Amino acid sequence: MMLLLVLLVFCSTGSYWITAYEIGDCGIRYNFKLTIARGKDSKPNQYPWHVGIYRRDNSSKYEYICGGSIIYDNVIITAAHCVFDENTKNIDYNRMVVAVGKHNSSWERIDESEQRFEVMDKRIPQRYKGTENMNDNDIALLALNDSIPFSDRVMPVCMDWSRTKEPYDGENCTFVGWGYEENRNLTELLQVSEMLLRNFDDCRKSVGKYFTSYLTSDKFCTISKDNSMVEKGDSGGGLVFARMQNDNDTGARYYLKGILNGREKGNDVNFLYTNVSNHMPWIRSTLDAIRDETDANKICGRRPINTTVTVNYVTRYEEYPWIATIVMSKNNKFFGIRCAGTIIHKRAVITSYWCVRDTRPHYKGVQYKIIVGKNELNMREVDDNQQEFMIAHVHKHQLYVDWTERVENEMVILILDRDIKYNNDTVLPICIDRSRRYLIEDSSPGMVASWDIDECHCQVMARYGYIAIENCSQAFADSEEYETYITSEKICGRYMNGSQFMHGSEIGSGYFFLKGEATKEKRHYLHGIVSQVRPTHKEYLAFTNVELNLRWINDVLTNLYNKVDWMFF
């Protein structure tokens, strides 16, 4: 069995220091000449990119989990197993906090340069399956709730994006970390030891037969130079190597090479790392996605709060600026309104797969396009803020099932042919609660907004009280033909004045909730997508649960940055 551990690791070629942080700096060790001795404390802020990751439990106590490294002003890189739940085989969404500029392991001890941030989002490669797949792709990015103010004591490690500065086998390395001592307590201060990079084949030959299965193609090894030990308690720390910038530069910068994964139990020789070089495309695309979402989070889900509205009322379009309209054309002529969707990204709209997959003969040859910023349901007139898009790609949910007796995971993300231009009043994305910060309680009033295409030909909104999945089947009990559609990935809502108000276009619409601490800070968060499930009494709606599909949504949006050209749908 592999023992998971963590220590921050460095490959060094010299001793250098600076005393001031400049914009764009990375990987510069703070004001300290290199001295290494096993068991000796490191100097405070000697490794300014190293962080501690903690989890807050229900009693508001903080438990140390792993180490990590700063790579962007609001992004930490660590090991996937630090944020993965082996039981559910998915990301662990328990509340996590990152402490930067920290020298003392104790949460109660706040160091002079320490800053603390909540983890708002966690990303791991889609192929990571934990120990089921021998911890292949053991890498994760954590998005923080705010930007880290950098200084010469807190700064990011450098990334070798071009992969031209690779360290060589046998290069001298250093690691630090809060490993567990013999009494099973974390060391109080960061400890320093020496390591050497090891040839992969030599590593494979020296480990036990069982452990070779963990030496996946994206791993590499180090060995101890001074007979020091890496202990359990610090997985996720970064292996870095030093490189001079140029002949005139008196300093070196440290580049991230690997993320500590573990070692063989009972074997004190080989320490295993995920090779960052193998994951550069994923790191870059995921980092780009987080950057875009960070910008979107500043504006998402905002609208003027109207406290005097009734349960069912006609609303101006700009009051819900994340609503997208899916329209149909045939033979270059308008063919009708198909569905509503929700803007979740400057290039993506989420809706029901039913909205783009009608196979009836009458729909043969129909083309779909997306319209945002439209105020009136008059297709002959173009509104001032209206934007129209072709669908470049359709991302059907990977677990979509369309059987006669039920439909599962029917959500779809539509990738647009170009970026949506956000407008403060009429076109904005909705928020997604990626950190699962806001729990939805039974009977909480959520909202559904869409076009009423049969009566007023206008946009309408109604409130639906939230019903958890365990109570959904009971809600649909008097509609046997639909009860089988209430599958585990769905939630339900009950129209709050007792009758159904829309007429056919709400499928694919977002089910969103107003959340936030203070009234002025409240935002609307997407929690469900209206399913094609239609009870005969029309009092209830079923929704595909967004919360259960956060990893899939993140993967799709990350893949946006890996695509240059899209085949049109």
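Just so we're clear, the structure is a prediction, and the values are computed from it rather than from any experiment.

1. So, the layout of surface pockets
The calculated volume of the largest pocket comes to roughly 680 Å³. For the largest pocket, the lining is made up of 28 residues, of which Met120, Asn145, Asn297, Arg437 and Tyr525 are closest to its centre. Looking at which element gives the most residues to the lining of the largest pocket, the answer is helix α2 (residues 280–297), with four residues. Split into classes, the residues belonging to the lining of the largest pocket amount to nine nonpolar, seven polar and 12 charged.

2. Thoughts on the state of the cysteines
This structure, assessed with the given rule, holds six disulfides. In this model cysteine 339 forms its disulfide with cysteine 355; the gap between the sulfur atoms is 2.2 Å. Between cysteine 339 and cysteine 355 the disulfide shows an S-S torsion of about -90 degrees. By sign, it is left-handed. Of this pair, cysteine 339 sits in strand β19 (residues 333–345) while cysteine 355 sits in the loop between β20 (348–352) and β21 (367–372), and the two are 16 residues apart along the sequence. Just as cysteine 339 is buried, cysteine 355 falls in that class too.

3. So, the sheet that holds strand β4 (residues 62–72)
Taken together, six strands build a closed barrel; the order of strands is β3-β4-β5-β10-β9-β8 and the barrel is antiparallel. The mean inter-strand angle of the sheet, taken between neighbouring strand axes irrespective of direction, is 45 degrees. Inspection of the sheet shows strand β3 (residues 50–56) paired to β4 by seven bridges, in the antiparallel sense. Looking at β4, one finds that glycine 52 is bridged to glycine 67. Across the sheet, α2 lies against β4, β5 (75–78), β9 (115–123) and β10 (140–144), angled at about 15 degrees from β10, the strand it touches most.

4. Observations concerning the nonpolar core
Looking at soluble globular proteins, one finds that nonpolar side chains tend to be buried together. Membership of the largest hydrophobic core comes to 96 residues, with the highest contact counts inside it found for Val98, Ile344, Ile370, Ile413 and Ile553. Sorting elements by how many residues they give to this core places strand β25 (residues 411–416) first, with six residues. When sequence neighbours within four positions are dropped, the list of residues in contact with isoleucine 553 reads Ile344, Ile350, Ile413, Ile432 and Val546.

5. Re the sheet that holds β21
Spatially, six strands are ordered β18-β19-β20-β25-β22-β21 in a closed barrel, and the strand pairing comes out antiparallel. On average, each strand axis in the sheet is inclined to that of its neighbour by 45 degrees, with strand direction left out of account. Where strand β18 (residues 323–330) and β19 come together, eight bridges link them in antiparallel fashion. The residue bridging methionine 328 from the neighbouring strand is glycine 336, located in β19.

6. As for unusual backbone geometry
Even without being a glycine, lysine 89 presents a positive backbone phi close to 55 degrees. For lysine 89, the position within the fold is in the loop between β6 (84–85) and β7 (90–91). A positive phi angle, near 55 degrees, is found at asparagine 331, a position not held by glycine. As for its placement among the helices and strands, asparagine 331 is situated in the loop between β18 and β19. Looking at asparagine 331, the relative accessible area reads 66%, which means it is exposed.

7. What to know about α2
For α2, which comprises 18 residues, the first-to-last C-alpha distance of 25 Å matches the rise-based estimate of 26 Å (1.5 Å per residue) to within 8%. Among the residues making up α2, those that are buried are Met280, Trp282, Ile283, Ser285, Thr286, Leu287, Ala289, Ile290, Asp292, Glu293 and Ala296. Buried residues in α2 make contact with β4, β5, β9, β10, β19 and α5 (550–559).

8. What about the pattern of salt bridges?
Pairs can form between side chains of opposite charge whenever their charged atoms are close. One pass over the structure, following the stated rule, counts 22 salt bridges. The partner of arginine 55 in a salt bridge is aspartate 92, with the nearest N and O atoms 2.6 Å apart. With arginine 55 in strand β3 and aspartate 92 in the loop between β7 and β8 (96–100), this pair connects stretches of sequence that are 37 residues apart. Each member of the pair, arginine 55 together with aspartate 92, is buried.

9. What to know about the packing of aromatic side chains
For any pair of aromatic rings, the description consists of the separation of the ring centres together with the inter-plane angle of the planes. In this structure the tally under the stated criterion is 18 aromatic pairs. Summarising the aromatic geometry, the rings of phenylalanine 241 and tyrosine 255 are spaced 5.8 Å apart at their centres and angled 25 degrees between planes, so their arrangement reads as stacked. Taken together, the residues phenylalanine 241 in strand β14 (residues 238–244) and tyrosine 255 in strand β15 (residues 252–264) connect sequence positions 14 residues apart. The buried category is assigned to tyrosine 255, whose relative accessible area is 7%.

10. Regarding the confidence of the model for the protein
With 81% of its residues at a pLDDT of 70 or more, the protein shows a mean pLDDT of 81. pLDDT under 50 marks residues 1–10. Its contacts with residues more than four places away, or in other chains, come to 79 contacts. A low-confidence stretch, residues 32–39 stays under pLDDT 50, and its non-local contacts, those more than four residues away or across chains, total 23 contacts.

Cut-off values and rules
- Residues numbered from 1 in each chain as written.
- Predicted model: local features only at pLDDT ≥ 70, side-chain atom pairs only at ≥ 80, totals over all residues.
- Heavy atoms only, no water.
- 1 Å grid on protein atoms, 1.4 Å probe; cavity = no way out; pocket = protein on both sides within 12 Å on 5 of 7 lines; lining within 4 Å.
- Points joined across faces, edges and corners; volume = space filled by probe spheres on them.
- Helix = DSSP H or I, 4+ residues; strand = E, 2+ residues; numbered from the N terminus.
- Nonpolar A, V, L, I, M, F, W, Y, C, P; charged D, E, K, R; others polar.
- Disulfide = S-S within 2.5 Å.
- Buried < 20%, exposed > 50% of the residue type's maximum accessible area, 1.4 Å probe, protein only.
- Pairing = 2+ DSSP bridges.
- Axes fitted to C-alpha atoms, helices over the stretch in contact; angles between N-to-C directions.
- Contact = heavy atoms within 4.5 Å.
- Core = buried A, V, L, I, M, F, W, Y, C linked by side-chain atoms within 4.5 Å.
- Expected span 1.5 Å × (residues − 1).
- Salt bridge = Lys/Arg side-chain N within 4 Å of Asp/Glu carboxyl O.
- Phe/Tyr/Trp six-rings, centres within 6.5 Å; stacked < 30°, edge-to-face > 60°.
- pLDDT = per-residue confidence, 0-100.

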